[in-house]
Amino acid sequence: MNDSFITFVSHLASNSMNAAENDDARRGGRRGRLFRLTRALLSLTVTIAVSVALVFATELIVRGSLDQTRAFFQQPFRPG
């Protein structure tokens, strides 16, 4: 292979790695990514918990009894 081509390719790879490292450092590095991931997972967990609580509360109000509501959630494919 041509030495100038190999030099060109290695230069491109080096520049792209430096750009990725600089971008990573600007955003807080690995700790910043971990913090954003943790925050997103916590947000998802809270959203799911609130939606489950609202569905349960709605079924409890409509059915009027905790026993009927519990039976509904234990057998979701049973009619009524």
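Report on the accompanying structure. (Residues numbered from 1 in each chain as written. Predicted model: local features only at pLDDT ≥ 70, side-chain atom pairs only at ≥ 80, totals over all residues. Heavy atoms only, no water.)

Structural notes on the packing of aromatic side chains
Given two aromatic rings, their pairing is described by the distance between the two centres and the angle made by the two planes.
No. 1: Counted by the stated rule, this structure contains two aromatic pairs.
No. 2: When the ring of Phe-72 is compared with that of Phe-73, the centres are 5.2 Å apart and the planes differ by 75°; the resulting orientation is edge-to-face. (Phe/Tyr/Trp six-rings, centres within 6.5 Å; stacked < 30°, edge-to-face > 60°.)

Details of a nonpolar patch on the surface
No. 1: Residues Leu-34, Leu-37, Leu-41, Leu-44, Ile-48 and Val-52 make up a contiguous nonpolar surface patch of about 580 Å² in total accessible area.
No. 2: Taking relative accessible area as the criterion, Leu-34 reaches 54% and is therefore assigned exposed. (Patch = residues over 30% accessible without salt bridge, like charges linked within 9 Å, V, L, I, M, F, W, Y side chains within 5 Å. Areas by Shrake-Rupley, 256 points an atom, 1.4 Å probe, with all protein chains shown as cover. Salt bridge = Lys/Arg side-chain N within 4 Å of Asp/Glu carboxyl O. Buried < 20%, exposed > 50% of the residue type's maximum accessible area, 1.4 Å probe, protein only.)

Considering the pattern of salt bridges
When their charged atoms lie close together, side chains carrying opposite charge are able to pair.
No. 1: For the coordinates displayed, the defined rule picks out two salt bridges.
No. 2: In this structure, Glu-59 engages Arg-63 in a salt bridge whose closest nitrogen and oxygen atoms are separated by 2.9 Å. Of this pair, Glu-59 and Arg-63 are both found in helix 2 (residues 29-63), four residues apart, which corresponds to roughly one turn of the helix.
No. 3: The class of Glu-59 is buried, set by a relative accessible area of 18%.
No. 4: For Arg-63, a relative accessible area of 21% gives the class partly exposed.
No. 5: A salt bridge links Asp-67 to Arg-70, with the nearest nitrogen and oxygen atoms 3.8 Å apart. (Helix = DSSP H or I, 4+ residues; strand = E, 2+ residues; numbered from the N terminus.)

Some words on the side chain of Thr-69
No. 1: Residue placement: Thr-69 occurs in helix 3 (residues 66-74).
No. 2: When its relative accessible area of 0% is taken as the criterion, Thr-69 is described as buried.
No. 3: When neighbours within four sequence positions are excluded, Thr-69 is seen to be in contact with Phe-56, Glu-59, Leu-60 and Arg-63. (Contact = heavy atoms within 4.5 Å.)

Focus: the packing of helix 2 against helix 3
No. 1: Where helix 2 meets helix 3, the axes come as close as 8 Å, and the angle between the chain directions of the two elements is 125°. Of the possible angle classes, the one that applies to helix 2 and helix 3 is oblique. In the crossing of helix 2 with helix 3, the sense of the turn from one axis to the other is right-handed. Counted together, Val-55, Phe-56, Glu-59, Leu-60 and Arg-63 of helix 2 and Leu-66, Gln-68, Thr-69, Phe-72 and Phe-73 of helix 3 form the full contact between these two elements.
No. 2: Of the residues that constitute the contact of helix 2 with helix 3, the class distribution is six nonpolar, two polar and two charged. (Axes fitted to C-alpha atoms, helices over the stretch in contact; angles between N-to-C directions. Parallel < 35°, antiparallel > 145°, perpendicular 65-115°, else oblique. Left-handed = near helix turned anticlockwise from the far one by under 90°. Nonpolar A, V, L, I, M, F, W, Y, C, P; charged D, E, K, R; others polar.)

Observations concerning helix 2
No. 1: Here helix 2 is 35 residues long and its end C-alpha atoms lie 51 Å apart, about the 51 Å a rise of 1.5 Å per residue gives.
No. 2: All buried positions along helix 2 are accounted for by Gly-29, Gly-32 and Glu-59.
No. 3: Directly beyond the C-terminal end of helix 2, a positive phi value near 75° is found at Gly-64. (Expected span 1.5 Å × (residues − 1).)

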